[in-house]
Amino acid sequence: MKTPKELRYTETHEWVKVEDGFAYIGITDFAQDSLGEIVFVELPEENDQLNQNSEFATIESVKAASDLNAPISGVVVAVNEDLEDAPELLNTDPYENWIVKIEIEDQSELDSLLDSEAYIKVTEEE
Amino acid sequence: MKKTVLYDHHVKLGANMVEYADYLMPIQYSAIKEEHHAVRNDAGIFDVSHMGEIAVLGKDATDFMDMIFTNNIRSMTANQILYGFLLYDTGGVVDDLLVYKYNDEHYFLVVNAANTDKDFAWIKSQAQNFDVEVLNKSPQYSELALQGPKAESMLQSHTDYDLSTLRFFTFDDVTLEGRSFMVSRTGYTGEDGFEIYGDHTDIKALFKTLLISHEALKPCGLGARDTLRFEVALPLYGHEISETITPLEAGYKFAVAFDKPAFIGKDALLKQKEAGLKRRIVGLEILDKGIVREGAEVFKDATKVGVVTTGYLSPSLNKAVALALVDKPHDKRGTELTIGVRKRLLKAKVIKRKLYNK
């Protein structure tokens, strides 16, 4: 299971990458592996407001629907539209295929996220 | 929590194990879609040892079965199988089941895992005025389902018994690799195939032998079992049939023999039939992007007219489809409805209940 060192993580298996003042959010390798084949992603829309720890998108596998929680707050500036036609990209490369790009509202929220070591511990306990 | 005799083997094969009907069962080994396609195109093998087996024995066995079972018991010949229901007086379903007839004094009932204890108690409670013995044989049996277009040729390579003579919905004693099993030509996938009953050691040996001998044979979990039965509109207890959803509402009138003088639940069903059904199970094709799941509400304009009983992205059709219990007159084919999914309303259209046809 891959857990890149440069990313930050949540206990609910989302990752965050900060680049040029924006945050990219996706799901972890562990998440895609436990969900199984992803068949549909319900994306938010541009300009939607994300609130930390609130649900912002839904991922459907063959078996069930799972909500994604926003690791940090902010306004959506872009969604990964590739996922509309090819949701399985989240299975093949969960770190290359981000789900939303947001404007970071409160830098201090980033401090509440886990580093890769802490996240690996979370996955080991599940 | 109970384990089937194959538990360790499932874990070795990399299965995800989940709790189902008080058993730890494999939900999937590789991926649900892959296992689903294996059964539609080649063959898959399922551990269904959690299913319940109940024997009804004795002088009055035929009279008794005739009273508790909706289908025509007296029409059965030895080694034949019938699908039907046990009903409450209200017409609601105790369970759906297969009845295997050995002879007039011996029937073998295969019931849903989650209902085994309830069924056994209910059957016994009806038996007081009959000379019958009702036995819960579930602990003695393990069961495999070998399903798919290649099931017959695969199984044939393990026996001298000519399996082409074993017709749909019949069973026989069959020796496979020197061990004896009860084999029926039945299944829950919409494909040709067999259900194989035996003692624990024999089933364990057979499962291993089959997987080693046939490269195209995939072990399949409960996930694929559900998508397969769903596509061909086979009901699942608690979803399309239940204590409150009758066989008529589910579209299973053919398994209810109204021409029998009596069976438990007949009066209630007859009344429902004569008054006209108020709702029934239909197929839905989801026209907007998205997947609807069990429990989603179905609307006509602003009025709630039904509820989804099972929903998936169908692996065979690669389309989002559902089974739903819908009020009349919105059940007519072609009717446009909407379904509430989280914050959205998805457009849907009523289609045939059997979603997938070969």
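Residues numbered from 1 in each chain as written. Chains lettered and ligands numbered in written order. Predicted model: local features only at pLDDT ≥ 70, side-chain atom pairs only at ≥ 80, totals over all residues. Heavy atoms only, no water.

### What about the nonpolar core?
Core analysis: the biggest nonpolar cluster contains 64 residues, and F85, Y100, L284, V298 and I339 of chain B have the highest contact counts within it. Residues in contact with V298 of chain B, not counting those within four places in the same chain, are L284, T303, K304, V305, G306, V307, V308, A324, V326, L337, T338 and I339 of chain B. (Core = buried A, V, L, I, M, F, W, Y, C linked by side-chain atoms within 4.5 Å. Buried < 20%, exposed > 50% of the residue type's maximum accessible area, 1.4 Å probe, protein only. Contact = heavy atoms within 4.5 Å.)

### Structural notes on the sheet that holds strand β17 (residues 303-314) of chain B
Residue and element names in this part refer to chain B. In space, the six strands of this closed barrel follow the order β15-β18-β17-β16-β19-β20, with antiparallel pairing throughout. Here the strands of the sheet are splayed against their neighbours by 40° on average, with no regard to which way each runs. As paired elements, β17 and strand β18 (residues 319-327) share eight bridges and run antiparallel to each other. In the sheet register, S314 faces β18, and the bridge partner there is K319. Along the sheet face, helix α7 (residues 222-231) touches β17 and β18 and points at about 120° away from the line of β17. (Pairing = 2+ DSSP bridges. Helix = DSSP H or I, 4+ residues; strand = E, 2+ residues; numbered from the N terminus. Axes fitted to C-alpha atoms, helices over the stretch in contact; angles between N-to-C directions.)

### Re the sheet that holds strand β6 (residues 81-87) of chain B
Residue and element names in this part refer to chain B. The five strands lie next to each other as β6-β7-β8-β5-β9, forming an open sheet whose pairing is antiparallel. Across the chains shown, the open sheet's two edge strands, defined by having one partner strand only, are β6 and β9 (133-136). Averaged over all pairs of adjacent strands, the angle between their axes in this sheet comes to 30°, without regard to strand direction. Across the sheet, helix α3 (residues 61-68) lies against β5 (52-57), β6, β7 (93-103), β8 (106-111) and β9, angled at about 30° from β8, the strand it touches most. The sheet contacts of helix α4 (residues 116-126) involve β5, β6, β7, β8 and β9, and relative to β9 the element is tilted by about 170°.

### Comments concerning the domain arrangement of chain B
Residues and elements named next belong to chain B. Its domain assignment divides chain B into domain 1 (2-49 + 141-231), domain 2 (52-138) and domain 3 (278-358). The straight-line distance from the C-alpha centre of domain 1 to that of domain 2 is 24 Å. Roughly 1,300 Å² of surface becomes buried between domain 1 and domain 2 when both sides are summed, with 63% attributable to carbon and sulfur atoms. Considering only the side of domain 1, the residues that lose the most area to domain 2 are Y141, F169 and F171, jointly responsible for 53% of the buried surface there. Put simply, domain 1 and domain 2 have zero salt bridges between them. Viewed at the interface, domain 2 and domain 1 are joined by five residue pairs in polar contact (both at pLDDT 80 or more). Among the secondary structure elements, those contributing two or more residues to the side of domain 1 that touches domain 2 are β11 (171-176), β12 (179-184) and β13 (193-198). (Domains from an automatic or database assignment. Buried area = accessible area lost by both parts, 1.4 Å probe. Salt bridge = Lys/Arg side-chain N within 4 Å of Asp/Glu carboxyl O. Polar contact = N/O pair within 3.5 Å; in protein donor to acceptor, adjacent residues only side chain to side chain.)

### Here we look at helix α4 (residues 116-125) of chain A
Residue and element names in this part refer to chain A. Buried residues of α4: S116, Y119, V122 and T123, and no others. Viewed along the axis of α4, the buried residues span an arc of 115°, placing them on a single side of the element. Facing away from the buried surface of α4 by more than 90 degrees, the exposed residues are E117, K121, E124 and E125. Elements that come into contact with the buried residues of α4 comprise β1 (8-9) and α1 (29-35). (Arc of directions from axis to C-beta.)

### What to know about the pairing of strand β10 (residues 142-147) of chain B
Residue and element names in this part refer to chain B. Of all six residues that make up β10, six are buried, and the element is covered over most of its length. Covered by surrounding structure in β10 are S142, L144 and L146 together with E143, A145 and Q147, the residues of both alternating faces. As paired strands, strand β4 (residues 43-47) and β10 are joined by four bridges and run antiparallel to one another. Its bridge partner being in β10, D47 is matched across the sheet by L144. Relative to β13, β10 runs antiparallel, the two being bridged by six bridges. Residue pairing for β13: E143 is matched across the bridge by Y197.

### With respect to the pattern of salt bridges
One pass over the full model with this rule turns up 25 salt bridges over all chains. We note a salt bridge from D104 of chain B to K101 of chain B, for which the minimum N-O separation is 2.7 Å. According to the relative accessible area criterion, D104 of chain B is partly exposed, its value standing at 47%. What makes K101 of chain B buried here is its relative accessible area of 6%. Across the pair D331 of chain B and K328 of chain B runs a salt bridge whose closest N-O atoms are separated by 3.4 Å. Members of the salt-bridge network, linked through shared partners, are E42 and E60 of chain A together with R293, R342 and R344 of chain B.

### A look at the environment of L166 of chain B
Residue and element names in this part refer to chain B. Relative to the assigned elements, L166 resides in the loop between α5 (151-156) and β11. The buried category is assigned to L166, whose relative accessible area is 3%. Along the sequence, L166 and E152 sit 14 residues apart, while their C-alpha atoms lie 10.0 Å from each other. In this structure L166 touches Y161, F171, D172, V183, S184, R185 and F194, once residues within four positions along its chain are discounted.

### Side note on the packing of α3 of chain B against α4 of chain B
For any two helices packed against each other, the geometry is given by the interaxial angle and the distance between the axes. All names here are of chain B. Direction vectors running N to C along α3 and α4 enclose 115°, while the axes themselves pass 11 Å from each other. The two elements α3 and α4 cross, and the hand of that crossing is right-handed. Mapping the contact onto sequence places F64, M67 and I68 in α3 and W122, I123 and Q126 in α4. Residues of the contact of α3 with α4, tallied by class, amount to five nonpolar, one polar and no charged. (Left-handed = near helix turned anticlockwise from the far one by under 90°. Nonpolar A, V, L, I, M, F, W, Y, C, P; charged D, E, K, R; others polar.)

### So, the interface of chain B and chain A
How big an interface is tends to be expressed through the accessible area that disappears when the partners come together. Facing 17 residues of chain B, the contacting portion of chain A comprises 15 residues. In total, about 1,400 Å² of surface goes out of reach between chain B and chain A, with carbon and sulfur atoms giving 50% of it. The tally of links from chain B across to chain A stands at six salt bridges. Across the pair K289 of chain B and D85 of chain A runs a salt bridge whose closest N-O atoms are separated by 3.3 Å. Put simply, chain B and chain A have 13 residue pairs in polar contact (both at pLDDT 80 or more) between them. Sorting the residues of the side of chain B that touches chain A by element identifies α2 (32-41), α7 and β17 of chain B as the ones contributing at least two each. Among the residues making up the side of chain B that touches chain A, the classes are represented as six nonpolar, three polar and eight charged.

### Brief notes about the pairing of strand β8 (residues 74-79) of chain A
Looking along a regular strand, one sees side chains alternate from face to face of the sheet. Residues and elements named next belong to chain A. Bridge analysis of strand β5 (residues 49-50) against β8 gives two bridges, and the strand direction is antiparallel. Considered in β8, the bridge of L50 is made with G74. Pairing between β8 and strand β9 (residues 100-104): five bridges, direction antiparallel. Looking at β9, one finds that V76 is bridged to I102.

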